[in-house]
Amino acid sequence: MADKKDGARKLVADNRKARFNYELIDTFEAGIVLAGTEVKSLRLGKATIGESYAGPSGDELLLFNADIPEYLQANRFNHERKRPRKLLLHKRQISKLIGAVQRDGLTIVPTKLYFNEQGRAKIELALARGKTMGDKRETEKKRDWQREKGRLLRDKG
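Below or above, wherever it landed, is the structure these notes cover. Fair warning: this is a prediction, and the values are worked out from it, not measured in the lab.

1. Here's the deal with the pairing of strand β5 (residues 60-64)
In the sheet, strand β4 (residues 53-57) pairs with β5 via 5 bridges, with the strands oriented antiparallel. Directly across from Gly55, in β5, lies its bridge partner Leu62. Hairpin connection, β4 to β5: the antiparallel pair is bridged by 2 residues, and Gly58 has positive phi, about 75 degrees. Pairing between β5 and strand β6 (residues 85-88): 2 bridges, direction antiparallel. Bridged to Leu63 within β6 is Arg85.

This is how it looks when you write it as structure tokens:
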């Protein structure tokens, strides 16, 4: 998964379940404050953001529950796996996101973790609203119908 490229970006982790569990409203690109061993571990392509979320802590945003495994060669200088990590955004973006979370009850969900063209670790965040079970079933029905329609067109065409 680490050598998959999105344009000139090196994709490290992708949260595909977020598109199924949430209705994604708006996306933001944010920097992330990392320790040296975390960057080395990410360069190896080892990270999980499936259960993570972003939330306010004072006047800044933190990424909670993102799992970046320890770098094996670091010995005692390693980092904690699931520590809260500070997200780097403009103040206006932070206030917009915090306001949406507190006022509208939305959630900030990470969708992708990647290295950009300059080699810096970035995370794509989405402002999201949770789907109900009925919405999830409807999404699955649409996906199945599109798959079936593709099969029918391929067989007849």
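2. Concerning the side chain of Glu124
Relative to the helices and strands, Glu124 resides in strand β8 (residues 121-130). Here Glu124 is in contact with Thr27, Phe28, Val109, Pro110, Thr111, Lys112 and Tyr114, once residues within four sequence places are set aside.

3. Some remarks on the packing of aromatic side chains
Using the criterion set out here, one finds 1 aromatic pair in the structure. Cation over ring: Arg9 sits above Tyr114, and NZ or CZ is 4.1 Å from the ring centre. Note that Arg43 overlies the ring of Phe115, its terminal NZ or CZ placed 4.2 Å from the centroid.

4. Examining the nonpolar core
In this structure, Leu42, Leu61, Leu87, Leu113 and Leu125 are the most contacted members of the largest nonpolar core, which totals 28 residues. When contributions to this core are tallied by element, the ones reaching two or more residues are β2 (9-14), β3 (22-32), β5, α3 (91-104), β7 (107-115) and β8. Apart from the residues within four sequence positions on either side, Leu125 is in contact with Asp26, Thr27, Phe28, Ala30, Ala54, Leu87, Leu89, Ile108, Val109 and Pro110.

5. Some words on the environment of Asp26
Residue position: Asp26 is located in strand β3. C-alpha separation for the pair Asp26 and Leu97, spaced 71 residues apart in sequence, amounts to 10.0 Å. Discounting chain neighbours no more than four positions away, the residues touching Asp26 are Lys96, Leu125, Ala126 and Leu127. Side chain to side chain, Asp26 and Lys96 meet in a polar contact 3.5 Å long.

The rules behind each value
Residues numbered from 1 in each chain as written. Predicted model: local features only at pLDDT ≥ 70, side-chain atom pairs only at ≥ 80, totals over all residues. Heavy atoms only, no water. Pairing = 2+ DSSP bridges. Helix = DSSP H or I, 4+ residues; strand = E, 2+ residues; numbered from the N terminus. Contact = heavy atoms within 4.5 Å. Phe/Tyr/Trp six-rings, centres within 6.5 Å; stacked < 30°, edge-to-face > 60°. Lys NZ or Arg CZ within 6 Å of the ring centre and 35° of its normal. Core = buried A, V, L, I, M, F, W, Y, C linked by side-chain atoms within 4.5 Å. Buried < 20%, exposed > 50% of the residue type's maximum accessible area, 1.4 Å probe, protein only. Polar contact = N/O pair within 3.5 Å; in protein donor to acceptor, adjacent residues only side chain to side chain.

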